[in-house]
Amino acid sequence: MRNVLVTGGAGFIGSALVRGLLEQPDVRRVMVVDDFSTGHEDNLREVADRVEIHRGDIRNYATLERLFDGVHVVFHEAAIASVPKSIEDPRLCHEVNVDGTFNVLQAAVDQKVRRVVFAASAAAYGNAPELPKREDMLPDPRSPYAVHKLAGEMYLRTFWESYGLETVALRYFNVFGPRQDPKSPYSGVLSIFADRLLAGKAPTIHGDGEQSRDFIFVENIVQANLLAARSEKAPGRLYNCGCGGRVTLNQVWDAMQRVAGVNLPASHGPDRPGDVRHSQADISLARRDLGFEPSIGFEQGMQRTLDWLRASK
Ligand code: UD1
């Protein structure tokens with residue numbers, strides 16, 4: 001993996017991946033393409049002199065074709081990563097998430113990129129109650145966003161089968177960590193709660209708080225990407241990327257209060273429409289093929305996130 005490019009590299013997950021790639025001895029050149037719609041230059045500030053940062057839109061094929069020249073591995077993280085936004089503006093999200101992914105794959109074939117690793121989503125599983133989620137379960141997309149990510153997975157497999165482009169899709173579960181924006185209406189719950197905590201305020205839990213998620217710290221996601229880029233077994237395949245456990249929202253807030261040494265009981269509001277009750281990944285496939293082992297647990301990840309937030313205030 002000498003020359004690598006991260007689409008969406010100025011975003012929350014993309015910028016963590018860029019940092020991980022810079023530490024790899026076999027990586028010589030790290031490039032980023034980002035339109036800075038939700039990504040921030042600040043996310044790359046202290047590594048900016050070691051990264052080639054290009055402002056560009058994945059809807060523009062010519063931009064990708066030019067940038068992919070000489071690239072060995074592309075990590076495709078760019079997307080409008082929001083379920084509600086995809087319901088409000090399905091056309092825009094389709095253009096970025098589906099047409100953009102198609103452009104990435106086409107440019108990768110045209111420029112003889114060896115491998116593309118794609119940020120897919122657990123949204124593909126929808127509301128099916130069976131737990132934990134296995135990759136061979138029938139998908140049940142319930143939002144335009146879920147359809148976009150699923151379409152991306154299918155395009156990846158087809159480009160592997162039809163053109164020999166090595167593709168790997170990673171279905172991310174609930175990712176959290178430093179640089180996740182707490183201020184957007186589409187923010188992940190962990191970043192919202194952490195922000196409230198540091199402001200000395202209690203959060204609002206939607207519903208009874210007994211809904212659960214498989215939260216995964218962003219550095220574990222970086223590890224999964226690095227393994228997916230190197231594994232000989234991975235091309236053409238799809239892997240869950242969670243921790244394999246689940247934590248309820250009540251437990252999340254209890255743990256945060258404990259770590260911060262405060263007592264701020266959360267208030268409870270109505271259920272959020274369309275919410276999935278429980279989500280948990282079966283990660284045995286990623287363990288077997290990639291050697292994936294999430295090394296940073298929930299509490300440790302949360303501690304690091306809070307430390308980072310405090311330091312950045
Ligand atoms: C997450 C992803 C979504 C993905 C889906 C796949 C994020 C931001 N979203 O959605 O992209 O498609 O997994 O399953 O990572 N909550 C509160 N109070 C708040 C905010 C949220 O109680 O202030 C609750 C929500 O109602 C929900 C839970 O926290 O029950 C998690 O919410 P959220 O972080 O938005 O993630 P998902 O809905 O799981």
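Everything numeric in this text was worked out from a predicted model, so none of it was measured.

## Looking at the side chain of Q257
Right, on to step 1. The residue Q257 is located in helix α8 (residues 249-260) in this model.
Right, on to step 2. Every residue in contact with Q257, bar those within four places of it in the chain, is listed here: V262, N263, L264 and P265.

## A word on helix α10 (residues 298-312)
Right, on to step 1. Between the first and last C-alpha of α10 there are 21 Å, a value that for 15 residues agrees with the 21 Å anticipated at 1.5 Å per step.
Right, on to step 2. When we look at burial in α10, the residues that qualify are F298, G301, M302, T305, L306 and L309. Seen end-on, α10 carries its buried residues on one side only, within an arc spanning 135 degrees.
Right, on to step 3. Contacts from the buried residues of α10 go to β7 (174-176), α6 (189-198), β10 (215-217), β12 (247-248) and α8.

## A short note on the site of the ligand
Right, on to step 1. The ligand sits among 20 residues. The nearest are V189, H206, R213, R272 and D275.
Right, on to step 2. One of the side-chain N or O atoms of N174 is found 3.0 Å from an oxygen atom in the ligand.
Right, on to step 3. Protein coverage of the free-state accessible area of the ligand, which is 730 Å², stands at 85%.
Right, on to step 4. For the shell around the ligand, the secondary structure elements donating two or more residues are α6 and β8 (204-206).
Right, on to step 5. Looking at the shell around the ligand residue by residue, the class counts come to ten nonpolar, seven polar and three charged.

## Here's the deal with the pattern of salt bridges
Right, on to step 1. For the coordinates displayed, the defined rule picks out 23 salt bridges.
Right, on to step 2. Of the charged contacts, one joins R142 and D140 as a salt bridge, the two residues approaching to 3.0 Å between their closest N and O atoms.
Right, on to step 3. Across the pair R258 and E299 runs a salt bridge whose closest N-O atoms are separated by 2.5 Å. Of this pair, R258 sits in helix α8 while E299 sits in helix α10, placing them 41 residues apart in sequence.
Right, on to step 4. With a relative accessible area of 53%, R258 lands in the exposed category.

## A look at the nonpolar core
Right, on to step 1. Counting 47 residues, the largest nonpolar core has M1, V18, L21, F75 and L170 as the members making the most contacts within it.
Right, on to step 2. Contacts of L21, omitting those with residues within four sequence positions, involve M1, V4, V6, V27, V30, F75 and L226.
Right, on to step 3. Among the nonpolar cores identified, the runner-up in size contains 25 residues, and M31, L67, V96 and F118 belong to it.

## Some details on the pairing of strand β1 (residues 3-7)
Right, on to step 1. Burial of β1 is extensive: five of the five residues sit out of reach of the surface.
Right, on to step 2. Judged by which residues are buried, β1 turns out to be covered on both faces: N3, L5 and T7 on one side and V4 and V6 on the other are all buried.
Right, on to step 3. In this structure, β1 lies alongside strand β2 (residues 29-34), joined through five bridges in parallel fashion. Counted as the bridge partner of T7 is V33 from β2.
Right, on to step 4. For the handedness criterion, the β-α-β arrangement of β1, helix α1 (residues 12-22) and β2 is classed as right-handed.

## Some details on the packing of α6 against α10
Right, on to step 1. Direction vectors running N to C along α6 and α10 enclose 55 degrees, while the axes themselves pass 10 Å from each other. With respect to α10, the axis of α6 lies oblique. Viewed along their axes, α6 and α10 form a crossing whose handedness is right-handed. Only F298, M302, L306, L309 and R310 of α10 make contact with α6, whose side of the interface consists of L190, A194, D195, L197 and L198.
Right, on to step 2. Here the contact of α6 with α10 is composed, by residue class, of eight nonpolar, no polar and two charged.

The rules behind each value
- Residues numbered from 1 in each chain as written.
- Predicted model: local features only at pLDDT ≥ 70, side-chain atom pairs only at ≥ 80, totals over all residues.
- Heavy atoms only, no water.
- Helix = DSSP H or I, 4+ residues; strand = E, 2+ residues; numbered from the N terminus.
- Contact = heavy atoms within 4.5 Å.
- Expected span 1.5 Å × (residues − 1).
- Buried < 20%, exposed > 50% of the residue type's maximum accessible area, 1.4 Å probe, protein only.
- Arc of directions from axis to C-beta.
- Near = heavy atom within 4 Å.
- Polar contact = N/O pair within 3.5 Å; in protein donor to acceptor, adjacent residues only side chain to side chain.
- Areas by Shrake-Rupley, 256 points an atom, 1.4 Å probe, with all protein chains shown as cover.
- Nonpolar A, V, L, I, M, F, W, Y, C, P; charged D, E, K, R; others polar.
- Salt bridge = Lys/Arg side-chain N within 4 Å of Asp/Glu carboxyl O.
- Core = buried A, V, L, I, M, F, W, Y, C linked by side-chain atoms within 4.5 Å.
- Pairing = 2+ DSSP bridges.
- Right-handed = clockwise from strand over helix to strand, strands pointing away.
- Axes fitted to C-alpha atoms, helices over the stretch in contact; angles between N-to-C directions.
- Parallel < 35°, antiparallel > 145°, perpendicular 65-115°, else oblique.
- Left-handed = near helix turned anticlockwise from the far one by under 90°.

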